[in-house]
Amino acid sequence: MIKAVIFDMDGVLTETSHQHFLAWNRLAEELGYILPLEVKDAVRGISRLASLDIVLKAVNADKRFTESEKLVLAEIKNIYYIESIKRFTAEDLSGGARELLELLKENGLKIALASASKNSKFLLRAMEIKQYFDIVVDPAVIQKGKPAPDIFLKAAELLNIAPEDCIGIEDAYAGIESIQRAGMTALGVGDAAVLSNCSIVFDNLQGVYSYFVRLFRE
Ligand code: BG6
Ligand code: MG
């Protein structure tokens with residue numbers, strides 16, 4: 001029986017996958033590279049430092065920087081990213097997000113956030129949805145990022161709900177794998193071609209809303 005829904009943030013509750021890509025692109029350009037568009041999907045769900053490795057590899061620069069230089073590059077990318085989200089408001093929520101959160105609450109489900117982003121708490125407040133979340137996993141305490149199951153398992157543990165009673169919602173291939181490895185039901189949002197490892201994919205959160213309306217009627 002489904003008792004909780006665990007959300008990803010970027011690319012699910014808001015379209016910030018785009019802002020993440022633009023920030024990486026700005027950094028890459030300053031370093032003299034053109035970032036291939038495929039990187040946008042490749043870094044979905046992946047932690048900041050692991051994403052930097054993907055970015056550098058994509059432009060054949062994976063040997064160019066020391067570990068301490070990479071920390072600086074990741075920090076610069078984060079400054080660009082924060083700059084691009086600093087004026088976010090409730091208007092930047094994905095269509096259908098608030099209605100979905102309301103529906104889940106009305107039906108007595110717990111709601112959690114399992115985002116790899118250290119900027120998610122800011123977005124929850126900026127988009128005025130923090131009050132819907134029973135728990136928010138701090139990605140800083142998670143040893144292994146997505147696709148490892150750790151962050152979704154942590155959410156279930158904090159909610160005190162068995163993983164099999166949880167649904168996870170993700171826009172990332174790595175995120176779907178993380179949910180599945182945690183033993184939860186995975187719902188994908190976005191491009192079904194990117195989410196080839198997920199059997200239930202919706203174009204957007206309106207689709208997810210209809211899914212839950214049907215589920216609650218059963
Ligand atoms: C994930 C994004 O939610 O968070 C990734 O999909 C991002 O693209 C990761 O790299 C880490 O985010 P941040 O804000 O901590 O750099
Ligand atoms: Mg995401």
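Residues numbered from 1 in each chain as written. Chains lettered and ligands numbered in written order. Predicted model: local features only at pLDDT ≥ 70, side-chain atom pairs only at ≥ 80, totals over all residues. Heavy atoms only, no water.

## What to know about the overall build of the protein
- Helices and strands together make up the secondary structure of the protein, namely 9 helices and 6 strands.
- A globule of 218 residues ought to have a C-alpha radius of gyration of about 17 Å, and the protein, at 17 Å, matches this closely.
- Referenced to the eigenvectors of the C-alpha coordinate spread, the extents of the protein come out at roughly 55 × 35 × 30 Å.
- Residues classed as buried in the protein amount to 50% of the 218 residues present.
- Taking the intrachain contacts of the protein between residues at least 6 apart in sequence as the baseline, contacts between residues at least 24 apart amount to 63%.
- Accessible surface, the protein as shown: approximately 10,600 Å² in total, 50% of it carbon and sulfur.
- For the protein, the separation between the mean place of its 25 positive charges and that of its 31 negative charges on side chains is 4 Å. (Helix = DSSP H or I, 4+ residues; strand = E, 2+ residues; numbered from the N terminus. Rg over C-alpha atoms; globule rule 2.2 N^0.38 Å. Buried < 20%, exposed > 50% of the residue type's maximum accessible area, 1.4 Å probe, protein only. Contact = heavy atoms within 4.5 Å. Areas by Shrake-Rupley, 256 points an atom, 1.4 Å probe, with all protein chains shown as cover. Lys, Arg positive; Asp, Glu negative; His and termini not counted. Charge placed at Lys NZ, Arg CZ, Asp CG, Glu CD.)

## Brief notes about the coordination of the magnesium ion (ligand 2)
- Within the protein, the atoms that donate to the magnesium ion (ligand 2) are D8 (OD), D10 (O) and D171 (OD), at distances of 2.0 to 2.1 Å.
- All donors to the magnesium ion (ligand 2) come from one chain, and their sequence spacing reads D-x1-D-x160-D. One end of the pair, D10, is in the loop between strand 1 (4-7) and helix 1 (17-30); the other, D171, is in the loop between strand 4 (166-170) and helix 8 (173-181), and 161 residues separate them in sequence. Residue D10 shares its accessibility class with D171, and that shared class is buried. (Donors = N, O, S within 2.8 Å, 3.2 Å for Na, K, Ca; no water.)

## Focus: the pairing of strand 4
- With 5 of 5 residues buried, strand 4 is to be regarded as a mostly interior element.
- Both faces of strand 4 are covered, namely the face carrying C166, G168 and E170 and the face carrying I167 and I169.
- In this sheet, strand 4 lies alongside strand 1 in parallel orientation, the contact comprising 4 bridges. Directly across from V5, in strand 4, lies its bridge partner I167.
- Note: strand 4 against strand 5 (residues 185-189), 4 bridges, orientation parallel. By the bridge assignment, I167 is partnered in strand 5 with T185.
- Note on the crossover from strand 4 through helix 8 to strand 5: the handedness is right-handed. (Pairing = 2+ DSSP bridges. Right-handed = clockwise from strand over helix to strand, strands pointing away.)

Everything listed here is a matter of geometry and, on its own, says nothing about what the molecule does.
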